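What follows is each chain in one-letter form.
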Protein chains: 2
Amino acid sequence: MADHDYSRTPWGDPDPVRAHAETLVDWSARVEAGDRVVVRVSEGAHDLAVAVAASLGSRGATPVFVSGSDEVTRAYLHAADEADLADPAVDHERALYSRADAVLSLRGGRNTAARADVPDATRRAHVRGRAGVREARFETDWVSTVHPTRALAQQAGMSYEAYRSFVYDAVLRDWAALADEMAGLKARLDAASEVRIVDDGADLTLDVSDRVAVNSAASVAYDSHNLPSGEVFTAPLSADGVVTFDVPMTVDGRRVRDVTLRLEDGEVVDHDAGEGGEAVASILDTDDGARRLGELGVGANEGIDRPTDSILFDEKMAGTVHLALGRAYDACVPDGSGNDSAVHVDLIRRMGEGSRLEFDGEVVQRDGTFV
Amino acid sequence: MADHDYSRTPWGDPDPVRAHAETLVDWSARVEAGDRVVVRVSEGAHDLAVAVAASLGSRGATPVFVSGSDEVTRAYLHAADEADLADPAVDHERALYSRADAVLSLRGGRNTAARADVPDATRRAHVRGRAGVREARFETDWVSTVHPTRALAQQAGMSYEAYRSFVYDAVLRDWAALADEMAGLKARLDAASEVRIVDDGADLTLDVSDRVAVNSAASVAYDSHNLPSGEVFTAPLSADGVVTFDVPMTVDGRRVRDVTLRLEDGEVVDHDAGEGGEAVASILDTDDGARRLGELGVGANEGIDRPTDSILFDEKMAGTVHLALGRAYDACVPDGSGNDSAVHVDLIRRMGEGSRLEFDGEVVQRDGTFV
């Protein structure tokens, strides 16, 4: 290993997998000596798990590695009764998470469609039945990240080699510097009452008064639980106007692109899509909250230069804004009055030439670049 | 799948992996509806984990899948302080096992030498530090089994295809029938005071008075925690004579074959080996108990027709006997007076033409075949 010099890589470490693990453990999860850690490992993320094990060992933390295989889960879901799924005997699993200081999820499957044939009702029963386990996990310093796999490269329409570089460009940032930059944007968004998005095919005005923005800098120290991150987001109170989302994505296994929403008094009153219109209609019909917005986010990660059909990356892309139909994050609405819904579906727009993002009438981004 | 007829396979199931999973869940671990189960999955055992998930789901049990990668463990052990290993923060892991009804270990790595460069002292500190986790696991209905991998085939010196057949021949037995057969052997061994092993290169007499034999029929219902199993074993009180063990094996990463032991009053007074003499000497020098016998076992699994350098299989081979240096199993010595040691190393002998196994002077096995 000493014969090679990889130190000219953008991340200054000869081994990007190790650098990823150390960023996750130190910057994102803030793991300390004596911490009890659960590491959830997807089928394709074994190499990252090895690096995370080394990183945790050297910090004096004690890990338990839990296996997160989509194929194993699918087999269980197909075989189990819906009644058992709704009321499962999970106290052993809940005990594991409730005694953990941090939970690191290393995603990266071998087939993004591995659970495609699990019926919706089964899926929902499983999610509902595991609410207690999820809550225990969310009370820890939890962080989700992604190890580059061939399946994810395929989903992105990229070669494995190019996708790997893409992931490490997104993950191995100078996070402290980005956190400082985004702090300015957060402060301005907190102070603003009105956000306006103006672009070819978009003129939308959002009321954000009294809401608190999150500086999502890929660390639990910033209320941010994704690596990569790199966005500032808040929960709009209301919205009026029209916006088209040009970034294509897969929602519940269905391809969606060029969705146009018209909003009045915060509610979607009309919608259209270049592809996947039924999927959008079905999301909007979930419940009352699904027709209102739960999030306005502004992407700021310069390492993410293209959409890859993965929301973890796409919504952080520099030069984009995104809105979510459905549930608002509690952190943005301390008084608990945020929009409530069973869904939270992000839709993304690249801000093009001639576009403007305005806070209280002041242009903060022009042509997709912060001013 | 319906187009093919695999029902003429020895196990009468078109899918041996599924049959393996069902044998493990139903016969071995006796899983019932509502059970909380932990499934430990080695790197190479994913396909078996999928089948076990389906089996547990259909029984109404709730599984947690824990990842057991030798490479992950090695990375952790190399990075961690010995002090942290000796006193790790494992209460989250202990809580998981102490609330479990059953623990299923699916072994099957991708490299049997994956931990070869972990120093002995590190290994020992790790084992000692995890005593509490291990005890919690041993209080459940725990079972260890093996999924055939290419690494295990290589260790056995076999093609993958042949090794796969070998494993399923050993695992997919009529266990209830074998349990009934072995019950007779157990009863005779319980009643006997003296066992004599006579063969070319062996004449050993063992005192087994007042010891209780285990009918190891691959089920927790028989105090048996291995799948496959198929042996009857007890804990000898004393032994006198000479015996040579011709089955080659790897002990602590060192190849050992043709070990000869001379015993007087239950203690090894002389030893020799065709290969690996230093390994044998180092075992004997571990502590006082390492020079005495902890086990006499008689193999009875007709599906295991050759040694494969895996103790889980080799010691159950029909037509063999094995003795273990070191620790006795509690189940064989209810009054707790069994041999104590930090080691338990099994050594195996194939009983050849002209050999005899005698209980109180009566021949129970001749030429390696039960009479």
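So, how was this worked out
- Residues numbered from 1 in each chain as written.
- Chains lettered and ligands numbered in written order.
- Predicted model: local features only at pLDDT ≥ 70, side-chain atom pairs only at ≥ 80, totals over all residues.
- Heavy atoms only, no water.
- Helix = DSSP H or I, 4+ residues; strand = E, 2+ residues; numbered from the N terminus.
- Buried < 20%, exposed > 50% of the residue type's maximum accessible area, 1.4 Å probe, protein only.
- Contact = heavy atoms within 4.5 Å.
- Pairing = 2+ DSSP bridges.
- Axes fitted to C-alpha atoms, helices over the stretch in contact; angles between N-to-C directions.
- Arc of directions from axis to C-beta.
- Least-squares fit on C-alpha atoms with pLDDT ≥ 70 in both.

Engineer: Got a sec to walk through the environment of A61(A)? Specific residues and values, please.
Structural biologist: Along the chain, A61(A) falls in the loop between α2 (46–59) and β2 (62–68). In this structure, the C-alpha to C-alpha distance between A61(A) and A102(A), residues 41 residues apart in sequence, is 9.9 Å.

Engineer: Lay out the side chain of S355(A) with the relevant residues and their values.
Structural biologist: Residue and element names in this part refer to chain A. When you line up the elements, S355 lands in the loop between β16 (344–350) and β17 (356–359). By relative accessible area, S355 is classed as buried at 0%. Setting aside anything within four residues of it in sequence, one finds S355 in contact with V198, D199, Q365, R366, D367 and G368.

Engineer: Got a sec to walk through the sheet that holds strand β14 (residues 293–299) of chain A? Specific residues and values, please.
Structural biologist: Residue and element names in this part refer to chain A. Taken in spatial order, the five strands make up an open sheet running β7-β9-β14-β15-β16, and their pairing is antiparallel. The open sheet is flanked by β7 (214–216) and β16, the only strands paired with a single partner. The mean angle between the axes of side-by-side strands here comes to 20°, regardless of whether they run parallel or antiparallel. With five bridges connecting them, β14 and strand β15 (residues 320–326) associate as antiparallel partners.

Engineer: If you had to explain helix α7 (residues 131–138) of chain B to someone new, which residues and values would you point to?
Structural biologist: Within α7(B), burial applies to V133(B), A136(B) and R137(B). Taken down its axis, α7(B) places every buried residue within 100° of arc, on the same side.

Engineer: Residues and numbers for the relation of the copies chain B and chain A, please.
Structural biologist: Relative to chain A, chain B is turned by 180° and slid 0.0 Å along the rotation axis, the superposed coordinates differing by an RMSD of 0.0 Å. Viewed as a symmetry operation, the transformation between the two copies matches a two-fold axis. Judged by C-alpha distance, V66(B) is the residue of chain B that lies nearest the rotation axis, at 2.1 Å. Both copies contact each other with a shared surface, as 100% of the interface residues of chain B are interface residues in chain A too.

Engineer: Quick rundown of helix α11 (residues 277–284) of chain A? Include the residues and the values.
Structural biologist: All names here are of chain A. Taken together, the buried positions of α11 are occupied by A279, V280, I283 and L284. Take α11 and look down its axis: the buried residues cluster within an arc of 135°, on one side only. Buried-residue contacts for α11 involve β11 (249–251), β12 (254–264), β13 (267–275), β15 and β16.

Engineer: Break down the side chain of T234(B) for me, with residues and values.
Structural biologist: Residue and element names in this part refer to chain B. Within the secondary structure layout, T234 lies in strand β9 (residues 231–234). The class of T234 is buried, set by a relative accessible area of 1%. Excluding anything up to four places from it in sequence, T234 contacts L189, V208, R211, V212, A213, G294, E295, L296 and C332.

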